[in-house]
Amino acid sequence: MTKPMSGRRAQAARNDEVILRSAREVFLADPSAPIAAVAEHAGVGISALYRRYPSKEDLLRKLCADGLAQYTAVAEAAVTDEGDPWEVFERFMAGIVATRSSSLVRHLAGMFTPSEELYHASAYAGTLNDRIFERAQQAGVIRPDVNVNDMALIFEMVEAVTIGDEARRRELRGRYLALLLDGIRVSSSVLPGRAPEDRELSSRWDPGT
């Protein structure tokens with residue numbers, strides 16, 4: 001059995017959870033917001049926040065790591081799912097939109113210097129993306145002129161919906177994800193333009209871009 005935490009440690013864990021939840025909300029709305037805005041939103045003293053995260057970059061790295069972990073969990077479930085290829089792909093896309101992990105990582109891109117661990121986690125998530133996408137495309141359920149990198153921009157478009165309260169936003173994101181997924185299923189039409197390239201997506205991680 002797990003030994004229960006002391007009162008002080010339990011309070012610190014609760015504070016950390018509140019800080020991270022507030023940071024997620026604050027930086028999704030404004031990635032350039034000061035760290036003091038997170039402390040105010042969380043209702044904790046700035047000293048309590050700095051004890052956990054000595055700098056804004058440390059906090060952003062933690063948020064990004066958590067977002068990648070959420071993304072990876074959804075992707076790993078899809079990779080091991082032996083169900084219908086289209087339904088697996090559809091569940092994966094819906095799962096990522098539901099966590100908003102892609103939106104969080106995208107909002108933080110270029111705002112801090114990623115650690116080696118984050119680079120490895122990102123590369124692993126990319127490998128999972130490839131496996132999920134290739135399985136669906138090889139099964140003939142995704143049109144051949146769609147590229148795995150199109151998925152990133154589909155997530156961005158859907159997660160950009162901010163109308164209404166949270167329940168309404170979830171409803172609308174589900175609606176527009178369904179519309180976009182219908183567009184990438186096998187079709188006789190030809191897509192205009194080129195899919196985004198790796199360098200176009202990765203360049204946003206360059207500080208100052």
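A brief report on the enclosed structure follows. Keep in mind that this is a model prediction, so the values were computed, not measured. The residue numbers shown here count from 1 along each chain, following its written sequence. Two thresholds apply to this predicted model, a pLDDT of at least 70 for residue-level local features and 80 or more for giving and counting side-chain atom pairs, whereas whole-chain, interface and lining totals are computed over all residues. As a rule here, side-chain values come from all non-hydrogen atoms in the structure, and water together with hydrogens is ignored.

## Topic: helix α4 (residues 56-80)
Cut-off, in case you're wondering: Helix and strand assignments come from DSSP, with helices taken as H or I runs of at least 4 residues and strands as E runs of at least 2, each series counted from the N terminus. One less than the number of residues in a helix, times 1.5 Å, gives the span that helix is expected to have. Each residue is assigned to one of three classes by its accessible area relative to the maximum for its type, calculated with a 1.4 Å probe on protein chains only: buried under 20%, partly exposed between the two thresholds, exposed over 50%.
If you check α4, its first and last C-alpha atoms are 36 Å apart, about what 25 residues at 1.5 Å a residue would give, namely 36 Å. Looking at α4, one finds that the buried residues are L59, L60, L63, C64, G67, L68, Y71, T72, V74, A75 and A78.

## Quick notes on the nonpolar core
Side chains of a nonpolar character, in soluble globular proteins, are inclined to be buried together. Our working definition: Take the buried residues of types Ala, Val, Leu, Ile, Met, Phe, Trp, Tyr and Cys, join any two whose side-chain atoms come within 4.5 Å, and each joined set is a nonpolar core.
Formed by 52 residues in total, the largest nonpolar core has its most connected members in F27, L59, F89, F92 and M93. For this core, the element with the most residues is α4, which contributes nine residues.

## Brief notes about the pattern of salt bridges
Stated formally: We define a salt bridge as a contact between a side-chain nitrogen of Lys or Arg and a carboxyl oxygen of Asp or Glu at a distance within 4 Å.
Per the counting criterion, the structure on display carries eleven salt bridges. Among the salt bridges present, the one from D145 reaches R143, with a minimum N-O distance of 2.9 Å. For D145, a relative accessible area of 31% puts it in the partly exposed group.

## A few points about unusual backbone geometry
The phi torsion at R100 lies on the positive side, around 60°, for a residue other than glycine. Here R100 is to be found in the loop between α5 (85-99) and α6 (101-108). Taking the relative accessible area as the measure of exposure, R100 reaches 17% and is therefore buried.

## Remarks on the packing of α5 against helix α7 (residues 116-138)
Defined as follows: To obtain each axis, a line is fitted to C-alpha atoms, and for helices this fit is confined to the stretch in contact; angles are then taken between N-to-C directions over 0 to 180 degrees. Note: crossing handedness is left-handed where the near helix turns anticlockwise from the far helix by less than a right angle, and right-handed where it turns clockwise. We call two residues in contact whenever any of their non-hydrogen atoms come within 4.5 Å of each other. Residues are grouped as follows: Ala, Val, Leu, Ile, Met, Phe, Trp, Tyr, Cys and Pro are nonpolar; Asp, Glu, Lys and Arg are charged; every other residue, Gly included, is polar.
For the pair α5 and α7, interaxial distance at closest approach is 9 Å and the crossing angle is 145°. For the crossing formed where α5 meets α7, the hand is left-handed. Touching P85, V88, F89 and F92 of α5 are N129, I132, F133, R135 and A136, all from α7. Per-class residue counts for the contact of α5 with α7 are seven nonpolar, one polar and one charged.

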